[in-house]
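The chain contents come next:
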Amino acid sequence: MKQFDIRPDKILLSGIKSLTDFSLNLLEIKTEAKGRGEIAFVGEKKIDEVQTQLYEYDFDEVTTKEKLKDFEFFDDLKDKKTYWLNFHGLHEVEIIEQLAKTLSLDRMTVRQTLDTTLRPKVEEYDHYLFFSIKSILKNDKGQLDVEHLSFVLGKNYVISFQEKMGDHFDHLRNKILEKLGLLRKKGSDFLLYQLLDAILDNYFETIESINDEIQAIEKIVLTNPTQDSLVKLEQLKQMAELVKKSLNPFKEALRVLQNRKTVFIGEGNSKYFHDLTNSCLSAIEEIESTAKSLEGLTNIYFSSLSQKMNETMKVLTTVATIFIPLTFIAGVYGMNFENMPELGYKYGYFITWGVMGLVFIGMVIYFKRKKWL
Amino acid sequence: MKQFDIRPDKILLSGIKSLTDFSLNLLEIKTEAKGRGEIAFVGEKKIDEVQTQLYEYDFDEVTTKEKLKDFEFFDDLKDKKTYWLNFHGLHEVEIIEQLAKTLSLDRMTVRQTLDTTLRPKVEEYDHYLFFSIKSILKNDKGQLDVEHLSFVLGKNYVISFQEKMGDHFDHLRNKILEKLGLLRKKGSDFLLYQLLDAILDNYFETIESINDEIQAIEKIVLTNPTQDSLVKLEQLKQMAELVKKSLNPFKEALRVLQNRKTVFIGEGNSKYFHDLTNSCLSAIEEIESTAKSLEGLTNIYFSSLSQKMNETMKVLTTVATIFIPLTFIAGVYGMNFENMPELGYKYGYFITWGVMGLVFIGMVIYFKRKKWL
Amino acid sequence: MKQFDIRPDKILLSGIKSLTDFSLNLLEIKTEAKGRGEIAFVGEKKIDEVQTQLYEYDFDEVTTKEKLKDFEFFDDLKDKKTYWLNFHGLHEVEIIEQLAKTLSLDRMTVRQTLDTTLRPKVEEYDHYLFFSIKSILKNDKGQLDVEHLSFVLGKNYVISFQEKMGDHFDHLRNKILEKLGLLRKKGSDFLLYQLLDAILDNYFETIESINDEIQAIEKIVLTNPTQDSLVKLEQLKQMAELVKKSLNPFKEALRVLQNRKTVFIGEGNSKYFHDLTNSCLSAIEEIESTAKSLEGLTNIYFSSLSQKMNETMKVLTTVATIFIPLTFIAGVYGMNFENMPELGYKYGYFITWGVMGLVFIGMVIYFKRKKWL
Amino acid sequence: MKQFDIRPDKILLSGIKSLTDFSLNLLEIKTEAKGRGEIAFVGEKKIDEVQTQLYEYDFDEVTTKEKLKDFEFFDDLKDKKTYWLNFHGLHEVEIIEQLAKTLSLDRMTVRQTLDTTLRPKVEEYDHYLFFSIKSILKNDKGQLDVEHLSFVLGKNYVISFQEKMGDHFDHLRNKILEKLGLLRKKGSDFLLYQLLDAILDNYFETIESINDEIQAIEKIVLTNPTQDSLVKLEQLKQMAELVKKSLNPFKEALRVLQNRKTVFIGEGNSKYFHDLTNSCLSAIEEIESTAKSLEGLTNIYFSSLSQKMNETMKVLTTVATIFIPLTFIAGVYGMNFENMPELGYKYGYFITWGVMGLVFIGMVIYFKRKKWL
Amino acid sequence: MKQFDIRPDKILLSGIKSLTDFSLNLLEIKTEAKGRGEIAFVGEKKIDEVQTQLYEYDFDEVTTKEKLKDFEFFDDLKDKKTYWLNFHGLHEVEIIEQLAKTLSLDRMTVRQTLDTTLRPKVEEYDHYLFFSIKSILKNDKGQLDVEHLSFVLGKNYVISFQEKMGDHFDHLRNKILEKLGLLRKKGSDFLLYQLLDAILDNYFETIESINDEIQAIEKIVLTNPTQDSLVKLEQLKQMAELVKKSLNPFKEALRVLQNRKTVFIGEGNSKYFHDLTNSCLSAIEEIESTAKSLEGLTNIYFSSLSQKMNETMKVLTTVATIFIPLTFIAGVYGMNFENMPELGYKYGYFITWGVMGLVFIGMVIYFKRKKWL
């Protein structure tokens, strides 16, 4: 996946970067992938080998397994335990098809999991619930990563698919292992809630990082408006747009979950999903505020430009208005008429200097009053 | 909680303040709080110690208690009385958890109460109704405070949670103590109505103070448009945006209350909540009007800028247009050709002055007609 | 209630008036009234003494009474007659409370009637229907009046509350007295329809008067765009906004009436209310057209500004471009080199004039071709 | 009815016409008509005498009658025939009231038919369906006519009311007389469909004529942006707005028809009305595209203005920048110092010319590189 | 059908093309076609002769036929096979009417198929489902083609109508013949899904090609903003608008399909149509992003213009401000006063040069500091 750099210094120093560069990559991948077949990985390979981890836990104990070869344990789940199977990397289609076979996952579920260009979606099947989503997060280099995540929620298991190794869920792993919070007390639906909540937190972080960018660009816009700063503003608008574009179907999917009473979410836990919807609305409101700030800054940018122009004109007008009449006076006494009485006066030259001095001072006072000087 | 200064003199004298400074603080607190745990106070500590007051009243008598240590009286409420328990300060989580235990409040209620970054929400439980809201109010220093308020409405009690000591409800305390209005005649639902109504009054006050700001900035925009005045306008737009962002979920919550017929609101009192919804709509309409005024002022600001520029250009054009031809004439008679008959004429010099005078007067008349002088 | 002057001459001659002056008065009254109590007159006293008139009519006869002291006749209404009780002035709360007692009107009805800052509303009770509305009308001085009107529709009576003496309903009084139209043949619901229809007619008149303003300002904008004309445009936008803000809840209220089949409106007469809704939609469409015209004029205003600037620049450019080269030529022959052959030529001076003349004519032709002269 | 001229040559040659002139005429007529009574013709008389034609047809035969005196044949309609009664002119209220009496049409139907200022509407009664609509069509003089049309659909008759003689339905008359298409095979509902379809065709024609206008104005905007072209653009925007304003209630009315299953439209024919709705949506989409084109042209207009200004500035800057340094050089050697060695050099003058020539050429190259020359 | 060229080089080199040229062609065809009759081909003939192909397949075998003369095989379809009949070209009305007769297709279906100007639509009949759609695709010459496509879905057949020979479905033909994917395993509903999916892929391709255009125009806008680049931007906006205008009714049609449970789509396959809706939403989101990019570029364009103007003014101001005072000094010593002591000083001339040099250097430093040089 292409990444884009949002550090203001970089954009401002290294020249203009394309406005449309980052927001369209999914589209490119999609169009390239056209016709490859129906079940295939569509996206960028971000990890060398697909990794799997399995957490099997109840309140009393936890066991973990890594690099699973097969998924036959699914045929023999213990009712009282919760199972969390996590994938890093989606490009080894066979593994996922094998899993799909074991759990009789629908073809569409597999497609939706493997095609990273698809829209977020929630889908309920007889024996499981499918949920896919986009995550947006700033990486270590200060760039934004868009990741396609999918979840399968069964009676007592959750399967999560991520495109690469990441730290979305590290604190949750910790909670499970250290018996923190409610995770070990609650079932698979609560686990899904926590997973989705972690994704939403990423969104809030991303929005705040965009806001930080805005504050950095703000001063530049006010004092020295260059093309680069407008390009930066428009780029931030597009980032905000990208965030909003990812949040909206997330919200829709959560709404669907809330409205369709599903058997996979315990009655007592539906309030957590209600809470997620509310958080999601809140994130959308934040990003919309951000977008409005950006509109305001664009206004200020154009006003800055006009002010600069005004200033330029004032310098020209002041200098020209002061010196043009003086030059005229000098020109008059440079004429070669034979009969010009003033030329013969002893103090004519000095009187002329005096007159020019007075005109100069008068002009300066006039411009001072106009606050142009 | 960060506060921002909206006195126009201050903003205009003390230099540019950041556009995005005030509207994002909740977001910052939220992102910092990420991962702290599930039940925790998220916000700024605005009071040293948590304060509690209890009002127990019916039509005939009132008793008040302060600094409650435990909440066991809830196990023994008298049916005919109304109880109002008020909290100032939310940062002592134990107290609120103790209360939650006594009243078997849901975990989500506690979270919603303690996390000041969450969106307003209404939630009905079997034995109580939960309502959270944002209050926006101008404080003594002329700054805006955003406060997170929560309410729990039971059969005959109301519990209200405020972030700090404040005067939102002083007049209500007075009404209870002095037996004014209907409060002592009506039950807990009417008390909740009065509490929410007081919050809405704050919104109207805030909107009016924004309108006052607008009137103060208006003249400056018309006569002397500076960057500062545009920044101020954009800041006011963001304030209006903040108010709208807080009012919208308030309206939603009230609508939910109206639609879900709830047992906690007596049938005869539902009209009061209908009335609140209407007031809320009215506040939204007012703030939208305010936003339109701000749009209009932005237009006027840019027009002012253009007018200023036009004026500058007129000064330059007038002076240059008058003196450039005159200087040309003087230049002609400064040439050193041997055979220039005019130079020898006795009155050549004076005739030249006359011609220059006529050109000058002609130009002045021309510009007068154009209304540039 | 504050009034604002919309005569274009006035605004344009008497200097700039505040943009936000008129649309916020209700808000001011509202914020001042905060905490005065629950049932109180909130508004401006527009008439010295409260006036009442009662019309009692059926197809055969009409009787009228004025200055009623009590409302006990309500206990003894004749089934076949229609009663219309009209109030001018709302500030004598006791009278209205006495009426409320006689007819067992709800507290909220009384509040809604007395508080002129509240939003339009329709409310159905067991024994009557309440309807409140804003009227906007141009008064004799060419100013806009916003008035709060309320109606109570009972089985065979209508009570109307106006803030002041006015001519909203004069033609209806005439129709009743002179047996014109259908009024005497129909019941109280038809009377209410006619009352509301009269209010809608006021809106249409107001919209047309705003359109007249627009036509007056249009020429000024095209020929001589000043700051004042932009301020006027923005003021008209706000007026249009005020009208729309009042019409929208009117429409909502009528829709509520149409959807909730109510016993107070005879089945055969519901079509009249359907008709009102349609008229209301039509008024909203008109005011939205008006708003679009204003947007268009704002565009033209800014274009006019740019054209003016362009014109200024053209004058400067033309004069400077013509004379600067000429002055240069004159300057050349003003040099004092000892060896300048041209200076000694007999016709050098005249040839120079010729050259300068040619340059001048060439320039003039050039600018003529560019259509700058 | 007032008409407006949309030929671009006319608007551009004959000076500025009022922006708001044409779209408000209905409003003026409406406000003037206020209080005239309840059943009256409201509009402009567009034809001297009211004309009527009756077509009575089935698949086998057609008979036509004109200038009907009474409508008693309605009491004796033959079940297997379809009757189409058409009115040209609405100002003879008695004729229409007589018809209303014969067919027991509702008072509101008569009012809706006679008041040309009312909004389009569909209304179902026990024994007929009423449909009113606006038609917009370009007339022979290239002007737009807005016409109010009403239709009454009974079991086997259609009555159509037009304001004037027109050619809306000529091709339908032909189809009936010549037995073309399905008209003679189908009943009154199909006739109504065909009538409404003819009106929609007028809309498409009008939209296309606006598009033609846009193409005519486009070149002018790009090459020579004048105030007139902006006024024209804004006028076209208002026309587009007028078309949209008329189409929207048309669409609403058709939707009502589709949703309320009515007995007057045979089950097999409801698809035709579904088709009308789709056509209407298509027309709305077209006019919205047109509106967007106009927005785009306004952008281009303002850009053109800026480009013109830029060009002006470039001319000034080029000429001034080239000649000001040259004039300075000439000025230097015009100084009268006694000791100026260059003056005495034999070739000083020519060297100076050379230097000035080099400066000139250097400048020209500089501006060529900047692409200003 | 008219086509338009979207290669940026072409538009920029070959002069301005009309903004409204391409998006209105359907409208022109429509208005011309008015009154031609009810069942007729409305559109542009894009192929000489109408072509037909029939695919008859089940999992085991495939047979194909071309240039069918009659459609009697429809009377004798085998239950277990799927039939796909494809038309290239619509202008031979008789063929399609013959087909309609064989399959008892409704008149409206035929009209909807033949009139290429109609809006996309879905319609369910007793024995088949009709679906029409617009396809937008870039052709070999880099131009956009809008094509009207219709589909009839029966129990075990699909009929597709295309305006011309095209490659929309080539990969599907291949899949059928080569037994790839699920096509041979599934029935006619799956075939329809695949056909519609291929159309959607075209949309994604088109959107990406618009994005490519945007990237090409972006640099030009930043470095050398000309009228042509703005016209290009507005043209791209209209293209985006055209795509959105075609996608919206597509989405609507798919939604109708999803909501109306239809017998023609097997229960297990309805998820594929759900998937199509999601893809369609995704395409709409992409095109809206694209539209926002275009808005951003328009902002940047206007900013570029202002920057250019600013630059021009800076050149003028710098040159004028430096040389005007110098010329004044030279002018002073060109005066002819008899008593000008400086003129007699031996080094007067050189000192003057020195002073002028200092002024020059001072000015240059001043402008360097201002970053104008």
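Residues numbered from 1 in each chain as written. Chains lettered and ligands numbered in written order. Predicted model: local features only at pLDDT ≥ 70, side-chain atom pairs only at ≥ 80, totals over all residues. Heavy atoms only, no water.

Draft legend 1. Structural context of helix α5 (residues 170-178) of chain D. Residue and element names in this part refer to chain D. Every buried residue of α5 is accounted for by Leu172, Arg173, Lys175 and Ile176. End-on, the buried residues of α5 take up no more than an arc of 160°, which puts them together on one face. The secondary structure elements touched by the buried residues of α5 are β2 (51-57), β3 (62-66), β4 (82-88), β8 (157-162) and α6 (188-223). The positive-phi residue at the C-terminal boundary of α5 is Lys179, with phi of around 60°. (Buried < 20%, exposed > 50% of the residue type's maximum accessible area, 1.4 Å probe, protein only. Helix = DSSP H or I, 4+ residues; strand = E, 2+ residues; numbered from the N terminus. Arc of directions from axis to C-beta. Contact = heavy atoms within 4.5 Å.)

Draft legend 2. Representation of the packing of helix α8 (residues 270-332) of chain B against helix α4 (residues 107-114) of chain C within the structure. Closest axis-to-axis distance for the α8 of chain B/α4 of chain C pair is 10 Å, and the angle between their directions is 25°. Our classification of the angle between α8 of chain B and α4 of chain C gives roughly parallel. Crossing of α8 of chain B over α4 of chain C shows right-handed handedness. Contacts between α8 of chain B and α4 of chain C involve Lys271, Tyr272, Asp275 and Asn278 of chain B from the first element and Arg107, Met108, Arg111 and Gln112 of chain C from the second. Counted by class, the contact of α8 of chain B with α4 of chain C contains two nonpolar, two polar and four charged residues. (Axes fitted to C-alpha atoms, helices over the stretch in contact; angles between N-to-C directions. Parallel < 35°, antiparallel > 145°, perpendicular 65-115°, else oblique. Left-handed = near helix turned anticlockwise from the far one by under 90°. Nonpolar A, V, L, I, M, F, W, Y, C, P; charged D, E, K, R; others polar.)

Draft legend 3. Representation of the packing of helix α6 (residues 188-223) of chain B against α8 of chain B. All names here are of chain B. At a minimum axis distance of 10 Å, the contact between α6 and α8 shows a crossing angle of 10°. Classed by the angle they form, the pair α6 and α8 counts as roughly parallel. Across the contact of α6 with α8, the residue classes break down as 22 nonpolar, seven polar and six charged.

Draft legend 4. Quick look at a negative patch on the surface. Residue and element names in this part refer to chain A. Taken together, the side chains of Asp70, Glu72, Asp75 and Asp76 present a region of like negative charge at the surface. Summarising the element assignment, Asp76 is placed in the loop between β3 (62-66) and β4 (82-88). Since its relative accessible area comes to 59%, Asp76 is described here as exposed. (Patch = residues over 30% accessible without salt bridge, like charges linked within 9 Å, V, L, I, M, F, W, Y side chains within 5 Å. Areas by Shrake-Rupley, 256 points an atom, 1.4 Å probe, with all protein chains shown as cover. Salt bridge = Lys/Arg side-chain N within 4 Å of Asp/Glu carboxyl O. Lys, Arg positive; Asp, Glu negative; His and termini not counted. Charge placed at Lys NZ, Arg CZ, Asp CG, Glu CD.)

Draft legend 5. Structural detail: the pattern of salt bridges. On inspection of all chains with the given rule, the structure shows 82 salt bridges over all chains. With its nearest N and O atoms 3.3 Å apart, the salt bridge here joins Arg119 of chain A to Glu252 of chain A. Here Arg119 of chain A is found in the loop between α4 (107-114) and β5 (121-124), whereas its partner Glu252 of chain A is found in helix α7 (residues 227-259), with 133 residues between them in sequence. By relative accessible area, Glu252 of chain A is classed as partly exposed at 38%. Here Lys292 of chain A makes a salt bridge to Glu241 of chain B, at a shortest N to O gap of 3.3 Å. Taken together, the residues Lys292 of chain A in helix α8 (residues 270-332) and Glu241 of chain B in helix α7 (residues 227-259) connect one chain to another. The buried category is assigned to Glu241 of chain B, whose relative accessible area is 15%. A single network of salt bridges, built from pairs that share partners, joins Arg111, Lys121 and Glu123 of chain A together with Asp275 of chain E.

Draft legend 6. Up close: the side chain of Ser279 of chain C. Residues and elements named next belong to chain C. Considering the arrangement of structural elements, one finds Ser279 in helix α8 (residues 270-332). Taking relative accessible area as the criterion, Ser279 reaches 8% and is therefore assigned buried. Excluding residues that lie within four positions of it along the chain, Ser279 makes contacts with Leu200 and Phe204.

Draft legend 7. Up close: the interface of chain D and chain C. Listed by partner, the interface residues are 67 residues for chain D and 65 residues for chain C. Interface area for chain D against chain C, summed over the two sides, is near 5,800 Å², with a carbon-plus-sulfur share of 61%. The interface formed by chain D and chain C holds seven salt bridges in total. At the junction of chain D and chain C, the tally comes to 21 residue pairs in polar contact (both at pLDDT 80 or more). (Buried area = accessible area lost by both parts, 1.4 Å probe. Polar contact = N/O pair within 3.5 Å; in protein donor to acceptor, adjacent residues only side chain to side chain.)

Draft legend 8. Geometry of the environment of Phe273 of chain B. All names here are of chain B. You can see Phe273 is positioned in helix α8. For the pair formed by Phe273 and His127, sequence separation is 146 residues and the distance between their alpha carbons is 20 Å. Not counting residues within four places of it along the chain, the set of residues in contact with Phe273 comprises Asp189, Leu192, Tyr193, Leu196, Leu257, Gln258 and Ile265.

Draft legend 9. View of a nonpolar patch on the surface. A surface patch of nonpolar side chains, about 390 Å² in accessible area, is lined by Tyr347, Phe350, Ile351 and Val355 of chain A. Of note, Ile351 of chain A is situated in helix α10 (residues 348-369).

Draft legend 10. Focus on the pairing of β8 of chain D. All names here are of chain D. The element β8 is largely enclosed, with a buried count of six among its six residues. Along β8, one buried face is formed by Tyr157, Ile159 and Phe161 and the opposite face, lined by Val158, Ser160 and Gln162, is buried too. Looking at chain direction, β4 and β8 are connected through six bridges and run parallel. Looking across to β8, one finds that Trp84 is bridged to Val158. (Pairing = 2+ DSSP bridges.)

Draft legend 11. Structural detail: the relation of the copies chain B and chain C. When chain B is fitted to chain C, the best match, at an RMSD of 0.1 Å, comes from turning it 72° and sliding it 0.1 Å along the axis. Taken together, the rotation angle and the small translation identify this as a five-fold axis. Relative to the rotation axis, the C-alpha of Gly334 of chain B is the closest in chain B, positioned 4.5 Å from it. Mapped onto chain C, only 15% of the interface residues of chain B are again interface residues, and the two copies thus contact each other with different surfaces. (Least-squares fit on C-alpha atoms with pLDDT ≥ 70 in both.)

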